[in-house]
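# Structure at a glance
Below are the chains, spelled out letter by letter.
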Amino acid sequence: MTPQHHPGDDLLIAYAAGSQDEPVALVVATHLALCPRCRKEVERLEALGGVLLEEQEAEPLAEKSLEQALARLDEAAPDEPAQPSRQLARRSAEVDPVVPRPLRDYLGDGLDQLDWTAFRGLEKVELLPEFPSFRTRLMRIKSGTAMPTHTHDGSELTLVLAGGFSDESGHFVRGDVAEADPSVNHQPVADPGEDCLCLAVTDAPLRLTGPFGRLLNPFLRI
Ligand SMILES: [Zn+2]
């Protein structure tokens, strides 16, 4: 089944332009691995960007400098997807089939070897600590578990890798991207039957809003 919830156009445009911070680009790239529709859209945007760039460059150039510009274009490095920022000493021969390639490159020896911390039905592990203005986390929510109701000071992008969850904005399964911002006050609940594995990137702490939110906040740190 192809994803039903896609990143917004602004995210796809920024991805195609290569102007995204790595944690956000990682979410988009991982979604693209699972979503033919958005792959096609990003290809279209990249082609469009190339045409615009050509037009912009061609206009003021004399013939000779056009030649030089084209030569420079040949020298330019080809576009490449975001590269893993860590050198991986070795990669598990047995990869996690549930994790698509762009993300897999960040996971070293695989899901089971990560340094998970657990609290009440939620396991999490931090990725990309070298980007401290974001929190990039893999989360495993036990099937049927409800997360505390919360909102966000900034934005939250969540990509489902396995299982699924529901909140006030819909039902999200593998490949789907949920976007939340300060206007969203939600309580995600993992589907029954299978733990929900997801990749979540936030650019500001989230704020618990339920009756016990303030009390739980220091313990949860989600
Ligand atoms: Zn998509």
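Along each chain, numbering runs from 1 in the same order as the chain's sequence is written. Reporting of local features is limited, given that this is a predicted model, to residues whose pLDDT is at least 70; pairs of side-chain atoms are given and counted only at 80 or more, and all residues count toward the totals for whole chains, interfaces and linings. Side-chain measures were taken over the full set of non-hydrogen atoms in the model, leaving aside hydrogen atoms and water.

### Points about the confidence of the model for the chain
pLDDT measures how confident the predictor is about each residue, on a scale from 0 to 100. Averaged over the chain, the pLDDT score is 81; the fraction of residues at 70 or greater is 74%. In this model residues 80–93 is a low-confidence stretch, pLDDT under 50, and it forms 25 contacts with partners more than four residues away in sequence or in other chains. Residue range residues 213–222 is modelled with pLDDT below 50. Its contacts to residues more than four positions away, or to other chains, number 18 contacts. Throughout, a contact is declared for two residues whenever any of their heavy atoms are within 4.5 Å.

### Side note on the coordination of the zinc ion
Coordinating donors are taken as N, O and S atoms within 2.8 Å of the metal, stretched to 3.2 Å for Na, K and Ca; because water is absent from the atoms, sites can appear incomplete. Bound to the zinc ion are the protein donor atoms His 6 (ND1), His 31 (NE2), Cys 35 (SG) and Cys 38 (SG), situated 2.0 to 2.3 Å from the metal. Square planar and octahedral sites, with four and six donors, are those where opposite donors lie more than 155 degrees apart and all other angles lie between 65 and 115, tetrahedral sites have four donors with every angle between 85 and 135 degrees, and the rest are irregular. One can describe the donor arrangement at the zinc ion as tetrahedral, given that its four donor atoms subtend angles of 98 to 120 degrees at the metal. Mapped onto the sequence, the donors of the zinc ion take the spacing H-x24-H-x3-C-x2-C. Like Cys 38, His 31 is buried. Only protein chains enter the calculation, and the probe is 1.4 Å; a residue is then buried if its accessible area is under 20% of its type maximum, exposed if over 50%, and partly exposed in between.

### Regarding the pattern of salt bridges
Put simply, a salt bridge is a Lys or Arg side-chain nitrogen that is within 4 Å of an Asp or Glu carboxyl oxygen. Using the criterion set out here, one finds four salt bridges in the structure. Where Arg 101 meets Asp 105, a salt bridge forms, and the shortest distance between an N and an O atom there is 2.8 Å. A relative accessible area of 48% means that Arg 101 is categorised as partly exposed. Residue Glu 123 pairs with Arg 140 through a salt bridge whose shortest N-O separation is 3.3 Å. Residue Glu 123 is found in strand β2 (residues 122–127), and its partner Arg 140 is found in strand β3 (residues 135–141); the two are separated by 17 residues along the sequence. Runs of E in the DSSP output that reach at least two residues are strands. Runs of H or I that reach at least four are helices, and both are numbered from the N terminus.

### Quick word on the sheet that holds strand β7 (residues 170–173)
Pairing is antiparallel in the open sheet, where three strands are placed in the order β7-β6-β9. Bordering the open sheet on either side are β7 and β9 (189–190), each of which pairs with just one other strand. Here, any two strands with at least 2 DSSP bridges between them count as paired. Taken together, the four bridges between strand β6 (residues 164–167) and β7 define a ladder with antiparallel strand orientation. What sits directly across from Gly 164, in β7, is Val 173.

### Side note on unusual backbone geometry
The backbone phi angle of Arg 120 is positive, close to 45 degrees, even though this residue is not glycine. In this structure, Leu 128 is a non-glycine residue whose phi angle is positive, near 50 degrees. The topology assignment puts Leu 128 in the loop between β2 and β3.

### Notes on the nonpolar core
Among the buried residues, those of types Ala, Val, Leu, Ile, Met, Phe, Trp, Tyr and Cys that are joined through side-chain atoms within 4.5 Å form a nonpolar core. One finds Leu 103, Leu 107, Leu 111, Leu 138 and Leu 199 to be the most contacted residues of the largest nonpolar core, which totals 34 residues. Contributions of two or more residues to this core are made by α1 (9–16), α2 (22–34), α3 (36–58), β2, β5 (156–162) and β10 (196–202). When residues of this core are assigned to their parent elements, the largest contribution, seven residues, is made by α2. Start and end positions for the domains come from either an automated domain assignment or a database one. Inspection of this core shows a minimum of three residues originating in each of domain 1 (9–75) and domain 2 (108–220). In this view, Leu 199 contacts Leu 26, Val 27, Thr 30, Leu 103, Leu 127, Thr 136, Arg 137, Leu 138, Leu 157, Thr 158, Leu 159 and Leu 161; residues no more than four positions away in its chain are not counted.

### Some details on α1
Because each turn of an α-helix spans 3.6 residues, side chains separated by three or four positions in sequence point in the same direction. Within α1, the full set of buried residues consists of Leu 11, Leu 12, Ala 14 and Tyr 15. Buried positions in α1, seen along its axis, are confined to an arc of 165 degrees and lie on one side of it. More than 90 degrees from the buried face of α1, the exposed residues found are Asp 9 and Asp 10. One or two positions beyond α1, positive phi appears at Gly 18, with a value near 70 degrees. As used here, the arc is the angular range of directions from the helix axis to the C-beta atoms.

### Concerning the state of the cysteines
Disulfides are covalent bonds that connect the sulfur atoms of two cysteines. We call a pair of cysteine sulfur atoms a disulfide when they lie within 2.5 Å. In the structure shown here, the tally under the stated rule is zero disulfides. Not engaged in a disulfide, the cysteine Cys 196 finds its nearest cysteine sulfur in Cys 198; these two sulfurs lie 4.4 Å apart. Assessed through its relative accessible area of 0%, Cys 196 is described here as buried.

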